[in-house]
Amino acid sequence: MAEPTNAEVINALSASVNFSFIDKSSFGALFGGSAISSSSFNSLGFGNTAFGNSVFLGLIETSQNNTTFGYRSQISTEGDSNTSFGFESMLFNSLGNQNTAFGASTFDSLSLGNDNVALGFQAGQNVSVGRGNIFIGKSSRVSRGDINNSIVLGNDAESTQDNQFVVGSVDNEAGQVQSE
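Predicted model, so just to flag it, every value in this text is computed and none were measured.

S.K.: Just to check I follow, could you spell out the packing of aromatic side chains for this structure?
M.R.: Given two aromatic rings, their pairing is described by the distance between the two centres and the angle made by the two planes. Tallying each qualifying case throughout the model produces five aromatic pairs. An angle of 10° between the planes, with centres 4.5 Å apart, marks the rings of F69 and F85 as stacked. Placement of F69 in strand 3 (residues 67-69) and of F85 in strand 4 (residues 83-85) is noted, with a sequence separation of 16 residues between them. Residue F69 is classed as partly exposed on the basis of its relative accessible area, which comes to 26%. Judged by centre distance (6.2 Å) and plane angle (85°), the ring pair of F107 and F135 falls under edge-to-face. With F107 in the loop between strand 5 (100-102) and strand 6 (117-119) and F135 in strand 7 (residues 134-136), this residue pair connects regions lying 28 residues apart in the sequence. With respect to burial, F107 and F135 carry one shared label: buried. Chaining the aromatic ring pairs together yields one cluster made of F51, F69, F85 and F102.

Written out as structure tokens, the structure is:
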């Protein structure tokens, strides 16, 4: 008896756990139910990988190297090299590139920003066009969508201008960072 191919194994598994698979290694893979059709995903982008329901709904043919895990994650992605993990993470990113999000509802407003990182539930709130920001902590955010190069650490911590290093929050100050 011949050994089964990878596609045969995956199709057998998908039948038992009710998910769909598209075997197009040069174009990426899609696991989970989605409103995007199999034929559409096959022709869109290069190197994209998705796991979850209703992901990559706005993926376009030039998008590449995006990875997403989670329901409604990156539904509007037209950018490149974005990685998101979690429910509605990077939900409306349209043209942003090289962003990384880990946690449910991360980057709720991101649309054009590049090179941002968010870690934690609702981290990276309000960023829309900002670049080079790092957010760690629940609901860590910026006060305006165009803030750049800020590092925000702590639950509910907020950056109010470019190039800030924020530790703690208004209600829960963690102290100052001083240079010598």
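So much for the structure itself; the text now carries on.
S.K.: Teacher, can you tell me more about the nonpolar core here?
M.R.: What tends to happen in soluble globular proteins is that the nonpolar side chains get buried as a cluster. Counting residues in each nonpolar core, the largest one holds 13 residues, and the members touching the most others are F107, V127 and F135. With residues near it in sequence (within four places) discarded, F107 still touches M90, L91, T100, A101, N116, V117, A118, A123, G124, V127 and F135.

Conventions adopted
Residues numbered from 1 in each chain as written. Predicted model: local features only at pLDDT ≥ 70, side-chain atom pairs only at ≥ 80, totals over all residues. Heavy atoms only, no water. Phe/Tyr/Trp six-rings, centres within 6.5 Å; stacked < 30°, edge-to-face > 60°. Helix = DSSP H or I, 4+ residues; strand = E, 2+ residues; numbered from the N terminus. Buried < 20%, exposed > 50% of the residue type's maximum accessible area, 1.4 Å probe, protein only. Core = buried A, V, L, I, M, F, W, Y, C linked by side-chain atoms within 4.5 Å. Contact = heavy atoms within 4.5 Å.

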